[in-house]
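So the chains spell out like this:
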Amino acid sequence: MRDGKIDRYDADKRYLRKDGAIVWARLTVSCVRKSDGSIDYLVTVVEDISARRHAEQELRKSEERFRSSLLHSPLPVLMYDDREQILAVSQSWLEKTGYSREELRRIEDWTTRAYGERSGEVLEYIRRIISTEPKAQPTELIIHTKDGHERLWNFVASALGTQSDGRRLFVSIAQDATERKAHEEQVQLLMREVSHRAKNMLSLVQAIARQTAAREPEDFIGRFTERIQALAANQDLLVRNKWQGVDTEDLVRSQLAHFADLIGSRITVHGPKLRLNAAAAQAIGLALHELATNAGKYGALSTDAGRVDVGWRLGGDIFAMSWTERNGPPVRRPERRGFGSTVIDSMAKRSVSGEVQLDYAPLGLEWRLTCPAANALERR
């Protein structure tokens, strides 16, 4: 002012009252000059701005509290301004993505890292939010974490208001929906699988009923009931194992349950610990039921001296299973082919795309199934 460069100035100043209280004031100083440009006198106006200053301090404290709560939020939260500067990012956001605070200074830093080829598209979307300030905008996007994984995040972006320095603020809250989405897809898959298996089961029951009635009408109820019970035993095993396959020995023992007292003496059950898949368990279980039923009626288990050997093995990529009868009545090939023969031969063969050998040898019936292990065994 003395040099003639300015005629006034303003400043916020802190004054101490006589009683020690602090007063904030807005000081405005202007001058009146003489004809030669020198200062004639000064005019000073002092305005008490303590209330405004207090409000600004409270606002800053509130902003700091908000930022602190944001930083410690269990949900990923990002706060940015209309200049695309990231002002705050929650610790959970950093932990879930693997990026550091230094790597996320601007919105473009985030979009470039998290969206790859879609970076430009997402950046434009965020810029539309900044320019239009719409109501809360939900969206679902795939992000890339620093370690290269893809995660599905649900976002909600919204305008937050204006900061004390005039910058407009925005907040984006995210939620990791990867597991939820995978669970929903798994439920849908299971629903389709249940529907598919139910249809297959009904078709199988229908085939059992039709062929049992056509070929064995004289004892339809008894034979049909036994076969449905055998099928139910397979289903019980599968349900207990959550449709994740059935232990081969458990399946054999379940189909020989009515001969349980003979297992270990006249019936030998042996083989490595292998798990059959659901389709193989159903078909092989029915085949074992038919073999056991026939052995009890006409074969080795119809006498006191007969013996049955049930075994299975895995050789390379081939699964093999056998049923061998000895010391029973003389074996004769049946005169007609009933549904039991279809189950023992064709159904078992088709279910695992394998080969079945059924030998009515004089010493005792022999049944052998061989197939690719991948067709019969549960995948590890």
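Residues numbered from 1 in each chain as written. Predicted model: local features only at pLDDT ≥ 70, side-chain atom pairs only at ≥ 80, totals over all residues. Heavy atoms only, no water.

Student: How do you make sense of the nonpolar core when you look at a structure like this?
Tutor: The nonpolar side chains of a soluble globular protein tend to be buried, and buried together. With 39 residues, the main nonpolar core has Leu256, Phe319, Trp323 and Trp367 as its most contacted residues. Top contributing element to this core by residue count: helix α8 (residues 278-297), with 8 residues. Not counting chain neighbours up to four residues away, the residues in contact with tryptophan 323 comprise Leu256, Leu288, Leu291, Ala292, Ala295, Val308, Asp309, Val310, Leu365, Glu366 and Trp367. Residues Val89, Leu104, Phe155 and Ala157 belong to the second largest nonpolar core, which totals 24 residues. (Core = buried A, V, L, I, M, F, W, Y, C linked by side-chain atoms within 4.5 Å. Buried < 20%, exposed > 50% of the residue type's maximum accessible area, 1.4 Å probe, protein only. Helix = DSSP H or I, 4+ residues; strand = E, 2+ residues; numbered from the N terminus. Contact = heavy atoms within 4.5 Å.)

Student: Is there a simple way to think about α8 in this case?
Tutor: Residue pairs spaced three or four apart in an α-helix point in one direction, given the helix's 3.6 residues per turn. Look at α8: 29 Å from first C-alpha to last across 20 residues, which is about the 28 Å you get at 1.5 Å a residue. With 16 of 20 residues buried, α8 lies mostly within the body of the structure. In this structure asparagine 277 caps α8, since a side-chain oxygen of it lies 2.8 Å from the backbone nitrogen of alanine 280. (Expected span 1.5 Å × (residues − 1). Polar contact = N/O pair within 3.5 Å; in protein donor to acceptor, adjacent residues only side chain to side chain.)

Student: What should I look at first to understand the sheet that holds strand β10 (residues 267-270) in this one?
Tutor: Within a sheet, adjacent strands bond to each other through the backbone by hydrogen bonds, running parallel or antiparallel. Taken in spatial order, the 5 strands of this open sheet run β10-β12-β13-β15-β14, and their pairing is mixed. Among the strands making up the open sheet, the edge pair consists of β10 and β14 (355-361). Taken pair by pair, the neighbouring strands of this sheet meet at an average axis angle of 10°, ignoring direction. Here β14 pairs with strand β15 (residues 364-372) via 7 bridges, running antiparallel. Paired with valine 356 across the two strands is leucine 369, which belongs to β15. The strands touched by α8 are β13 (318-326) and β15; relative to β13, the strand with the most contacts, the crossing angle is about 10°. (Pairing = 2+ DSSP bridges. Axes fitted to C-alpha atoms, helices over the stretch in contact; angles between N-to-C directions.)

Student: I keep staring at the environment of aspartate 40 and nothing clicks. Help me out?
Tutor: Inspection of the secondary structure puts aspartate 40 in strand β3 (residues 39-48). Beyond its immediate sequence surroundings of up to four residues, aspartate 40 is in contact with Val32, Arg33 and Lys34.

Honestly, it's all geometry; don't read function into it.
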